[in-house]
Amino acid sequence: MFSFLKRETKTEEVVENVLGELKKIYRSKLLPLEEHYNFHEFHSPKLEDSDFDAKPMILLVGQYSTGKTTFIRYLLERDFPGIRIGPEPTTDRFIAVMYDDKEGMIPGNALVVDPKKQFRPLEKYGNAFLNRFQCSHVPSPVLRAISIVDTPGILSGEKQRVDRGYDFTGVLEWFAERVDRIILLFDAHKLDISDEFRRSIEALRGHDDKIRIVLNKADMIDHQQLMRVYGALMWSLGKVLQTPEVARVYIGSFWDQPLRYDVNRRLFEDEEQDLFRDLQSLPRNAALRKLNDLIKRARLAKVHAYLIAELRKEMPQIFGKDSKKKELIKNLGTIYDRVCREHQVSIGDLPDIKKMQEVLANQDFTKFHSLKMPLLEVVDRMLAVDIARLMSMIPQEEMQLVSEPLIKGTVYLRN
C-alpha cells in the first residue's frame, strides 16, 4: 500500500553508530547511578541491547470492534498468524506483529526468554499474561521498518477488571513507555468511553507526544452525522485527556472495502495521507527518539537519587525506624517540595506520588544510600557532552535518506 523510507548503507552505519554509542553511554555512565539507588525496582527495568536495537513500534489501543486488527491488515495488505476479526471481542491477546522471512507464531513464554527480542521484562506479569501474548512473524516489506502491537479490545464492567487475570493497565503502561506511536481507535458508532477505557487512556499519560487518535469506520455515516460524531468525540476526549491543546483526530475508514458513503472520499484520502506520513517518519526518527528517551530516563534517575537520599537522611539511626518510615511515606509531598527546592528540580520531573508511596511501603529504608555526588556528576557530563555529540550525528542520518512516493496512487481506487 505504501513504501517506508529506505536507507542507504552509509545511513545504516550512522544509525548503528548512534545506537552503539547510546549502549556504551548507558552502561558506563547511567546504569551505575540506577543500580546504586535501586531505580529498577521503582520505575523501569534495566535496558538491554535489544531495547536499543528494536525497530520502531506502533501500539493500537481501543474498545472491542473498533477495527484495530483490520487496521493492521490494511497496512500490511495481508493477513497475519493469529488474526481474528469480528463484531464481538475477538482479539483476546497482545500480538506483536514483526518481520521475519518465514511466516510463523511464537507463544509468549518462549518470547520472553528470547534475548534478541525486547520483551523479557514482561515475564513479571506471570503466566496469565504470557498465555495471552504472542509474536506473529510476517514476511511483509512494511515490517522491515516497523513492528505493530495489537491489543485486546477493552471491555466494560466486571469483564475488564476480573476476567483478564493479569494487570492489563500495567502491561499497557510497559508498552506505552517503549513504543514510538500509540494509536487510539474509536468507532463512529460507539463513542462512549467506558470507565475501563478511561483508565487505559490514563495509563498512557506522560506519553502524550506519542498518541494519535483515529475515528474509524467514518464511511458508515453521512456527512451531517459525521459532523455531529466528530463534535461528540472531541467533547468526550476533552474530559479524558485533560490537556489544554485540542487533540488531532484522523478521520477515515481503514479497511479494503468500498466506501458506503463516499461523499467524504476526499477528506478520508487526505486524512489517511496525513496519518501514514506520520507513521512513515518513525524509522527516520528512530535514533532521535531513543536518544530522547534516554535523556528522559537520565533526568528521572537523577530525581530518584535525590529522593532516595533525602529519605535516607530522615531515617533515625537506631530506634523508631518503622514509625518514621510510615510518617515519611504519609508526608511524601513535603519531601517532594524539599527536593525541588534544594536541587532546583521541576515538580513535573518527579514520579507520581501515589505510585511512589505504594512502592516505598515494601522497601527497607535503612538500605537506601545517601547522596553520592560523583555518580550524579558523571550523568551531568553525559547529558552535557556525550548526548550533544550524538545529537550532532543524527542530522547526517536524515540527510542521507532516499524516499519513495509516500502512498501509491492506486490505494484509493475503491468503488
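Thresholds applied
Residues numbered from 1 in each chain as written. Predicted model: local features only at pLDDT ≥ 70, side-chain atom pairs only at ≥ 80, totals over all residues. Heavy atoms only, no water. Buried < 20%, exposed > 50% of the residue type's maximum accessible area, 1.4 Å probe, protein only. Helix = DSSP H or I, 4+ residues; strand = E, 2+ residues; numbered from the N terminus. Arc of directions from axis to C-beta. Core = buried A, V, L, I, M, F, W, Y, C linked by side-chain atoms within 4.5 Å. Contact = heavy atoms within 4.5 Å. Pairing = 2+ DSSP bridges. Axes fitted to C-alpha atoms, helices over the stretch in contact; angles between N-to-C directions. pLDDT = per-residue confidence, 0-100. Salt bridge = Lys/Arg side-chain N within 4 Å of Asp/Glu carboxyl O. Phe/Tyr/Trp six-rings, centres within 6.5 Å; stacked < 30°, edge-to-face > 60°. Lys NZ or Arg CZ within 6 Å of the ring centre and 35° of its normal. Parallel < 35°, antiparallel > 145°, perpendicular 65-115°, else oblique. Nonpolar A, V, L, I, M, F, W, Y, C, P; charged D, E, K, R; others polar. Right-handed = clockwise from strand over helix to strand, strands pointing away.

Q: Please set out helix α9 (residues 195–202) residue by residue, giving values where relevant.
A: Those residues of α9 lying buried are Glu196, Phe197, Ser200 and Ile201. Seen along its axis, α9 keeps its buried residues to an arc of 140°; they face one direction.

Q: Lay out the nonpolar core in plain terms, naming residues and giving numbers.
A: Core analysis: the largest hydrophobic core is formed by 51 residues, its most contacted members being Phe94, Phe119, Phe175, Phe186 and Leu215. It is helix α10 (residues 223–241) that contributes the most residues to this core, seven residues altogether. Apart from residues no more than four positions distant in its own chain, Phe186 is found in contact with Thr66, Leu191, Ile193, Phe197, Ile213, Val214, Leu215, Asn216, Leu233 and Leu237. Core analysis: the next-biggest nonpolar cluster, separate from the first, contains 46 residues, Leu22, Leu31, Ala298 and Val339 among them.

Q: Go over the sheet that holds strand β8 (residues 211–216) with me, naming the residues and quoting the values.
A: Reading across the sheet, the eight strands line up as β4-β5-β3-β6-β2-β7-β8-β9 and stay open at both edges, with mixed pairing between neighbours. Because the sheet does not close on itself, it has two edges, and the strands there are β4 (104–107) and β9 (249–251). With strand direction ignored, the average angle separating the axes of adjacent strands in the sheet is 25°. Here five bridges tie strand β2 (residues 57–62) to strand β7 (residues 181–187), and the two strands are oriented parallel to one another. Across the sheet, residue Leu59 finds its bridge partner in β7, namely Ile182. Across the sheet, helix α8 (residues 168–178) touches β2, β3 (94–99), β5 (133–138), β6 (147–150) and β7, and the angle it forms with β2 is around 145°. With respect to the sheet, α10 is in contact with β7, β8 and β9, its orientation differing from that of β9 by roughly 155°.

Q: Describe the confidence of the model for the protein chain, naming the residues involved and giving the relevant values.
A: Taken over all residues, the pLDDT of the protein chain has a mean of 83, while the share at 70 or more is 87%. In this model, residues 1–11 is a region of pLDDT below 50 whose contacts with residues beyond four sequence positions or in other chains number 44 contacts.

Q: Mind laying out the pattern of salt bridges, listing which residues take part and the relevant values?
A: Across all of its chains, the model carries 27 salt bridges by this definition. A salt bridge links Asp349 to Arg299; its shortest N-O distance comes to 2.6 Å. Of this pair, Asp349 sits in the loop between α14 (332–343) and α15 (353–360) while Arg299 sits in helix α12 (residues 286–314), placing them 50 residues apart in sequence. Residue classification places Arg299 among the partly exposed residues on the basis of a relative accessible area of 42%. For Glu310, the salt bridge is made with Arg338, and the minimal N-O distance between the two is 2.9 Å. Within this pair, whereas Glu310 is found in helix α12, its partner Arg338 is found in helix α14, the two being separated by 28 residues in sequence.

Q: Got a sec to walk through the environment of Ile201? Specific residues and values, please.
A: Tracing the backbone through its elements, the reader meets Ile201 in helix α9. Relative accessible area serves as the criterion here: at 3%, Ile201 is assigned to the buried category.

Q: For the packing of aromatic side chains, give the residues involved together with the corresponding values.
A: Counted by the stated rule, this structure contains 19 aromatic pairs. When the centroid spacing of 5.7 Å and the interplanar angle of 45° are considered together, the rings of Phe94 and Phe168 count as tilted. Of this pair, Phe94 sits in strand β3 while Phe168 is found in helix α8, placing the two residues 74 residues apart along the sequence. On the basis of relative accessible area, Phe168 is assigned to the buried category, the value being 4%. Taken together, Phe94, Phe119, Tyr125, Phe129, Phe133, Tyr166, Phe168, Trp174 and Phe175 form an aromatic cluster joined through their ring pairs. When the ring centre of Tyr250 is taken as reference, the NZ or CZ atom of Arg248 above it lies at 4.2 Å.

Q: Run through the packing of helix α4 (residues 68–76) against helix α11 (residues 265–284), naming residues and quoting values.
A: Running from N to C, α4 and α11 point in directions that differ by 80°, and their axes come no closer than 14 Å. For the element pair α4 / α11, the angle class is roughly perpendicular. Contacts from Phe71, Tyr74 and Leu75 of α4 reach α11 at Glu272, Leu275 and Phe276. A per-class count over the contact of α4 with α11 returns five nonpolar, no polar and one charged.

Q: Tell me about the pairing of β7, and name the residues and values.
A: For β7, a buried count of seven out of seven residues is recorded, marking the element as mostly surrounded by other parts of the structure. As judged from the six bridges shared by β7 and β8, these two strands associate in the parallel manner. Its bridge partner being in β8, Ile182 is matched across the sheet by Ile211.

Q: Any chance you could break down the pairing of β8 for me, citing the residues and the numbers?
A: Where burial is concerned, most of β8 is hidden: six out of the six residues are buried. The alternating pattern of β8 places Ile211, Ile213 and Leu215 on one face and Arg212, Val214 and Asn216 on the opposite face, and all of these are buried. Considered for its hand, the β-α-β crossover made up of β7, α9 and β8 is right-handed. Bridge analysis of β8 against β9 gives three bridges, and the strand direction is parallel. Across the sheet, residue Ile213 finds its bridge partner in β9, namely Val249.

Q: Please provide a residue-by-residue account of α4, values included.
A: The buried count for α4 comes to eight of nine residues, which makes it a mostly enclosed element. Looking only at α4, the buried set comprises Lys68, Thr69, Thr70, Phe71, Ile72, Tyr74, Leu75 and Leu76. Buried positions along α4 lie against β2, β3, β6, β7 and α11. Backbone geometry just downstream of α4 places Glu77 in the positive-phi region, at approximately 60°.

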